[in-house]
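Notes for the structure review
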Amino acid sequence: MGDADFGIDSGIMARLAAEVASLVRKGVQIGMVIGGGNIFRGAGLAGGGMDRVTGDHMGMLATVINSLAMGDALRKTGLDARVLSALDMDQVCEPYARYRAVEHLQQNRVAILAAGTGNPFFTTDSAASLRAIEIGADLLIKATKVDGVYSDDPMKNPDARFYDRITYDRALDERLGVMDATALILCRDHDLPLRVMNINEPGALERLLAGDNVGTLVSTGEDKE
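The rules behind each value
Residues numbered from 1 in each chain as written. Predicted model: local features only at pLDDT ≥ 70, side-chain atom pairs only at ≥ 80, totals over all residues. Heavy atoms only, no water. Salt bridge = Lys/Arg side-chain N within 4 Å of Asp/Glu carboxyl O. Helix = DSSP H or I, 4+ residues; strand = E, 2+ residues; numbered from the N terminus. Buried < 20%, exposed > 50% of the residue type's maximum accessible area, 1.4 Å probe, protein only. Contact = heavy atoms within 4.5 Å. Polar contact = N/O pair within 3.5 Å; in protein donor to acceptor, adjacent residues only side chain to side chain. Core = buried A, V, L, I, M, F, W, Y, C linked by side-chain atoms within 4.5 Å. Arc of directions from axis to C-beta.

In this structure the tally under the stated criterion is 14 salt bridges. Measuring nitrogen to oxygen at the nearest pair gives 3.6 Å for the salt bridge that ties R82 to E94. Placement of the pair is R82 in strand β2 (residues 81–85) and E94 in strand β3 (residues 94–95), with a sequence separation of twelve residues. Notably, a salt bridge pairs D125 with K142, separated by 3.0 Å at the nearest N-O pair. Here the residue D125 occupies a position in helix α5 (residues 124–134), and K142 occupies one in strand β5 (residues 140–144), the gap between them amounting to 17 residues. Using a relative accessible area of 18% as the deciding quantity, one classes D125 as buried.

Because each turn of an α-helix spans 3.6 residues, side chains separated by three or four positions in sequence point in the same direction. Where α5 is concerned, the buried positions are D125, S126, A127, A128, S129, R131 and A132. On its buried side, α5 packs onto β4 (110–114), β5 and α7 (181–189). The distance from a side-chain oxygen at the start of α5 to the backbone nitrogen of D125 is 3.3 Å, and the residue carrying that oxygen is T123. In the stretch just after α5, G136 is the one whose phi turns positive, near 75°.

So, on to the nonpolar core. Core analysis: the biggest nonpolar cluster contains 32 residues, and V20, M32, M70, L74, V110, I112 and M197 have the highest contact counts within it. Mapped by element, the contributors of at least two residues to this core are α1 (10–25), α3 (52–76), β2, β4 and α8 (204–209). With seven residues, the single largest contributor to this core is α1. Contact partners of M32, with chain neighbours within four places excluded, come to V20, M70, L74, V110, A111, I112 and L113. Counting residues in each nonpolar core, the second largest holds 19 residues, with Y163, L184, L194 and V196 among its members.

The subject of this paragraph is helix α4 (residues 98–106). What α4 keeps buried is the set A101, V102, H104 and L105. When α4 is viewed along its axis, its buried side chains cluster within an angular range of 160° and face the same direction. Lining the buried residues of α4 we find β1 (31–32), β2, β3 and β4. Immediately beyond the C-terminal end of α4, within one or two residues, lies N108, with a positive phi of roughly 65°.

Just geometry here; none of it tells us what the structure is for.
Below you can see the structure in the form of structure tokens.
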């Protein structure tokens, strides 16, 4: 949503699409899970009295809107992209199935995996972890607005320590807010490495996949501050 309070910033979307397209043309297979908080947050309205299941379903629909927008932006770069939804809506996108997602990746298409897990009470983080495991991803990237994982909120605590590398167990024990616990446990139990990075830094994604040490690596290995 850029600097706005809600909605989609076309400039930012175009930049991200161009970066993803550049990587796919270099042979990187990319699946994307996009949240919907720029449009709607189901958990927030649930706190205001709305039924949680209804709110979560509305949040899933918001992720589909974002996914359709990103699919369009990717196609404008000349790349092929397919949106696969965990909720059936055949008129606007494909239903999600693991074999479909893998086939698209093998055909050098970006697979955009929308509508979370299709179930209420599960976050987009959990959906991203689950889908990454299902399609056999080598790395899960949490593209966020911070440079990586810190011991505390760096905006509030100037003494917060940055972690170059941290284990899943430590992130869980210290409740560092990397992802929700369900997502972290899924990654840990399937030995899937996670990289937390700032997506607002142009070129960071390409540098990361070129081998640069961008952001924080969360894995089952050793901690390193």
